[in-house]
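Single-letter residue listing:
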Amino acid sequence: MAPREVISIPSFATTQLSLLDAELQSEMQETSSVLTNSTPTALFRAGLALPNLLLVSQRTGLGGKTVLELGPDPAVSSSADGDLPEHGLRAGDIVRVAEQPAGSAKKRETKALEDAGGRGVVTRVARNCVLVALDGEDEDAPGASGKRVWVVKLANDVTYKRMNLNMMKLQKMKSEEYSSFVRVLFGLTTPSPVEEISIPPDAWVDPSLNESQKDAIRFALGSREIALIHGPPGTGKTHTLIELILQMLKQNLRVLVCGPSNISVDNIVERLAPHKIPIVRLGHPARLLPSVLNHSLDVLTQTSEAAAIVKDVRKEMDSKQASIRKTKSGRERRAVYGELKELRKEFREREKKCVGTLVGQSKVVLATLHGGGGLQLKDEKFDVVIIDEASQALEAQCWVPLLWTRAEKLVLAGDHLQLPPTIKSSNSKSKPAKPKDISEDIIPGMTLETTLFDRLLSIHGPDIKRMLTTQYRMHEKIMRFPSDELYEGKLVAAEAVKERLLKDLEYSIEETEDTIEPLIFWDTQGGEFSEKSEEEDDAAKGKLMGESKSNEMEAVLVKKHVQSLVDAGVKPEDIAVVTPYNAQVTFICSYTCMWIFWIKGIQHINVAIEGRETAQPAGRAG
Ligand SMILES: Nc1ncnc2c1ncn2[C@@H]1O[C@H](COP(=O)(O)OP(=O)(O)OP(=O)(O)O)[C@@H](O)[C@H]1O
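Residues numbered from 1 in each chain as written. Predicted model: local features only at pLDDT ≥ 70, side-chain atom pairs only at ≥ 80, totals over all residues.

Caption draft 1: Looking closely at the sheet that holds strand β2 (residues 66-72). Taken together, the six strands give a closed barrel; going around it, the order is β1-β2-β5-β4-β3-β6, and neighbouring strands pair in antiparallel fashion. In this sheet, adjacent strand axes meet at a mean angle of 45° when their direction is disregarded. The pairing of strand β3 (residues 94-99) with strand β6 (residues 149-153) spans five bridges and is classified as antiparallel. Bridge pairing in β6 links A98 to W150. (Pairing = 2+ DSSP bridges. Helix = DSSP H or I, 4+ residues; strand = E, 2+ residues; numbered from the N terminus. Axes fitted to C-alpha atoms, helices over the stretch in contact; angles between N-to-C directions.)

Given below as structure tokens:
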């Protein structure tokens, strides 16, 4: 077993608080510098603002919040169908809604917008409207006067507030308050011996699970405090978690399942749903996949039996909201606001009751790590907390559900050998100043890139983890390199993919040198393949991009290769191009989009390419 590395819990929390502060400052600085240095038009082009909107309606949303529906102003819209232009707003974005400055506004006027109008959260984005739930309660809604408004994205500090709150709780905890679970998580105690679990062949819900998956499940069931499931790419980590949850239900355990992103959680909800078990998904419906909405707590609070008590008040609030817009006299408006305030209070009380009933009845509750710190879960008791994609979450994020609910055991699933969460403060050139009150309590060398998964492995060694070893995605030759370099050669390719080639796809594909080989290298050394740094170009184009790299000749090569694949019959939608740099994404997009448009004559093409600008730590897979 690796040497145990014990750290003091208050020092850990203090260090995390300082690192989180630096990270938030970095994010804030970035947003603020963009807002200050850009014109409204540049902000729109950069996907940070949406102008030319009118208030379409105003109604009561969750928690009694005022929700604004904003649509395009037909007087200036270029769309005949009333659609919004392409924009970068997404559900969950923190935004400011304010009266719009003139198109010719100077940068300084954009800066003034930081404090104008109302702040809120985008709750829904549709083709023809954007919905924003306002934070404040009593002010006049921006746009209520009929004036044109715009929506500007702000830095999101909400998640930081929650992480900080929990880190402060940990910082102040007295040692006699540490549960045995917390003590294990900090290496003050070793984990209890793992109980032998035997599951008869007919008790597996999915009998096709492979041996490493079954072993990981038995291990996670038999562990008392912690269990790590290490799932390299395509090894069925989520598949395994589904069976684990179902086996835990058979043991009558109550489980909270979390992930760092909505998509990671929805992925599990989608796969659990067919098993018809009582599950509830926390989180705003606007941020959830449509296929999981039936399990959303917010939808259930409107449709379930428990929801009836909330309906009447909501109706009354909506009609009051509508009446405000028609009322011209200030006195009357103030009176309606007063009544709304009372109704909102009543609404919240009833909603709380309804939510309490629904959550209390669910054996499996699913939420993002941030959502795991929501009011609905305060002090709820869970036998197990499972965190999926744990290697992509900040450790402080993982502590949100652990400290907020009463958790007794933790199962982490992830791959610590893939990229850690993206951190801005560690590679930002303009590093924020360290807080003044830095004390000797700071643990040297600790960074936000060290995840809970990493830390637990370094404290307790590999005995607390089980690795999934059969992968179901890659041809054996593609798998060989990551397997040998990162996973000690332990990966095995499943029969179905072991020798799978492009030419064997279920539709007709010509046998060419590109379709009979699973892995091809193009050597660009020595040619005219010079690399450019995006910053040089930025100033000229006024683009809002950080430092990035591009190589035009390599983009041409990618285009050529994609072309030969399509010529051989591979469908464009079956081809993905991946690059680590945003600037290169832009190049490749411009080449390949134009080209596909040309050969297929199609109107729309979905390009699903993501760029990532982090330097890759040694020993991690990208
Ligand atoms: N025992 C199994 N038998 C057959 N197919 C399996 C098995 N386990 C997983 N798969 C298949 O392997 C693929 C990957 O599974 P899954 O998405 O659960 O993996 P993952 O490790 O969570 O993936 P990621 O690499 O995205 O983290 C899926 O298509 C799944 O159906």
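Caption draft 2: Summary view of the sheet that holds strand β8 (residues 255-259). Judged by pairing direction, the sheet is parallel, and its seven strands sit side by side in the order β9-β10-β8-β12-β14-β7-β15 without closing on themselves. Bordering the open sheet on either side are β9 (279-281) and β15 (465-467), each of which pairs with just one other strand. Strand-to-strand twist across the sheet, computed as the mean angle between neighbouring axes with direction ignored, equals 15°. The sheet contact formed by strand β12 (residues 384-387) and strand β14 (residues 410-414) spans three bridges and is parallel. Residue pairing across strands places V385 opposite L410, the latter belonging to β14. Against the sheet, helix α8 (residues 262-272) makes contact with β8, β9 and β10 (364-368), and its axis sits at roughly 155° relative to β10, the strand it touches most. (Contact = placed C-beta atoms within 7 Å.)

Caption draft 3: Summary view of helix α17 (residues 552-567). In this model, α17 (16 residues) spans 23 Å end to end at C-alpha, consistent with the 22 Å of a helix rising 1.5 Å per residue. Phi turns positive one or two residues past the end of α17, at G569, with a value near 110°. (Expected span 1.5 Å × (residues − 1).)

Caption draft 4: Fine view of the site of the ligand. In the region of the ligand, 13 residues are neighbours, and G236, K237, T238, H239 and Y472 sit closest. Looking at the shell around the ligand, the element that brings in the most residues is helix α7 (residues 237-250), giving three residues. Of the residues contributing to the shell around the ligand, the split by class is three nonpolar, nine polar and one charged. (Near = placed C-beta within 6 Å. Nonpolar A, V, L, I, M, F, W, Y, C, P; charged D, E, K, R; others polar.)

Caption draft 5: Region of the structure containing unusual backbone geometry. You will see that N52, though not glycine, has its phi angle at about 60°, which is positive. Its location among the elements puts N52 in strand β1 (residues 49-60).

Caption draft 6: Molecular detail of the packing of helix α6 (residues 211-222) against α7. For the pair α6 and α7, interaxial distance at closest approach is 10 Å and the crossing angle is 40°. Judged by the inter-axis angle, α6 sits oblique to α7. Relative to α7, α6 is oriented so that their crossing is right-handed. For the pair α6 and α7, contact is made by Q213, A216, I217, A220 and L221 and by H239, T240, E243, L244 and Q247, respectively. A per-class count over the contact of α6 with α7 returns five nonpolar, four polar and one charged. (Parallel < 35°, antiparallel > 145°, perpendicular 65-115°, else oblique. Left-handed = near helix turned anticlockwise from the far one by under 90°.)

Caption draft 7: Quick peek at the packing of helix α1 (residues 9-37) against helix α4 (residues 158-172). Remark: α1 packs on α4, axes separated minimally by 8 Å, with the N-to-C direction vectors making an angle of 160°. Comparing their axes, α4 and α1 come out roughly antiparallel. As for how α1 packs across α4, the hand of that crossing is left-handed. Counted together, I9, P10, A13, T14, Q16, L17, L20 and L24 of α1 and Y160, M163, N164, M167, L170 and Q171 of α4 form the full contact between these two elements.

Caption draft 8: Spatial organisation of the pairing of β2. Among the seven residues that make up β2, five are buried, leaving the element largely enclosed by the rest of the structure. Relative to β2, β1 runs antiparallel, the two being bridged by seven bridges. Along β2, the bridge assignment pairs T60 with T66. Bridging between β2 and strand β5 (residues 130-134) involves four bridges; their strand directions are antiparallel. Each bridged residue has a counterpart across the sheet, and for V67 the counterpart in β5 is A133. (Buried ≥ 20, exposed ≤ 12 C-beta atoms within 10 Å, placed from the backbone.)

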